[in-house]
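Here's the letter readout for the chains.
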Amino acid sequence: MAQGAKLLLDGRGVKVPGFESGNFLGPSLLSGVKPNMECYKEEIFGPVLVCLEVNSSSILQVVISLAYRF
């Protein structure tokens, strides 16, 4: 978020019954993400969905530039 992404769904503050002192992150959703942002380039260990918005003319360039291919 410090780089400009918007937090649409905040998963912080989740309490799991029986594990109240644990550290848990609920589902989170980031939008407005750009390819140069850390949340796009680095793997996030948690239930976080990162939404990259591109126009139809640049989508092929984004797909080709992906660091990890499945």
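Just above, that's the structure.
Residue positions are counted from 1 within each chain, in the order its sequence is given. Given that this is a predicted model, residues contribute local features only at a pLDDT of at least 70 and side-chain atom pairs are listed and counted only at 80 or more, while totals for whole chains, interfaces and linings are drawn from all residues. Only hydrogens and water are set aside when side-chain values are computed; all heavy atoms of the structure are taken into account.

(A) Expanded view of the environment of Gln 3. Where helices and strands are cited, they refer to DSSP runs of H or I of at least four residues and of E of at least two residues respectively, numbered from the N terminus. Position of Gln 3 among the secondary structure elements: in the segment before strand S1 (6-9). For the pair Gln 3 and Val 33, spaced 30 residues apart in sequence, the C-alpha separation works out to 8.7 Å. The contact definition used throughout considers only heavy atoms, calling two residues in contact when any of these lie within 4.5 Å. In this structure Gln 3 touches Met 37, Glu 38 and Cys 39, once residues within four positions along its chain are discounted. Here a polar contact means two N or O atoms within 3.5 Å. Within protein one must be a hydrogen donor candidate and the other an acceptor candidate, and residues neighboring in sequence count only if both atoms are side-chain atoms. Within the structure, Gln 3 has its side chain in polar contact with the backbone nitrogen of Glu 38 (distance 2.8 Å).

(B) Representation of the side chain of Ser 31. Looking at the element boundaries, Ser 31 is found in strand S2 (residues 28-33). Beyond its immediate stretch of four places on either side in the chain, Ser 31 contacts Ala 5, Lys 6, Leu 8, Cys 51 and Glu 53.

(C) Layout of the nonpolar core. The definition of a nonpolar core used throughout is a set of buried Ala, Val, Leu, Ile, Met, Phe, Trp, Tyr and Cys residues joined through side-chain atoms within 4.5 Å. Relative accessibility decides the category of a residue: with a 1.4 Å probe and only protein chains considered, values under 20% of the type maximum give buried, values over 50% give exposed, and everything between is partly exposed. Membership of the largest hydrophobic core is limited to five residues, which are Ala 5, Leu 30, Val 33, Met 37 and Cys 39. Residues in contact with Cys 39, not counting those within four places in the same chain, are Gln 3, Leu 30, Val 33, Ile 44 and Val 50.

(D) Representation of the sheet that holds strand S3 (residues 48-52) within the structure. Whether two strands pair depends on DSSP finding at least two bridges between them. Across the sheet, which stays open at both edges, the three strands sit in the order S1-S2-S3 with mixed pairing between neighbours. The sheet terminates laterally at S1 and S3, the two strands that pair on one side only. Averaged over all adjacent pairs, the angle separating strand axes in this sheet is 25°, with direction ignored. Judged from the three bridges that link them, S1 and S2 form a sheet pairing that is antiparallel. If you follow Leu 7 over to S2, its bridge partner there is Leu 30. Angles run from 0 to 180 degrees between N-to-C directions of axes, and those axes are lines fitted to C-alpha atoms, restricted for helices to the stretch in contact.

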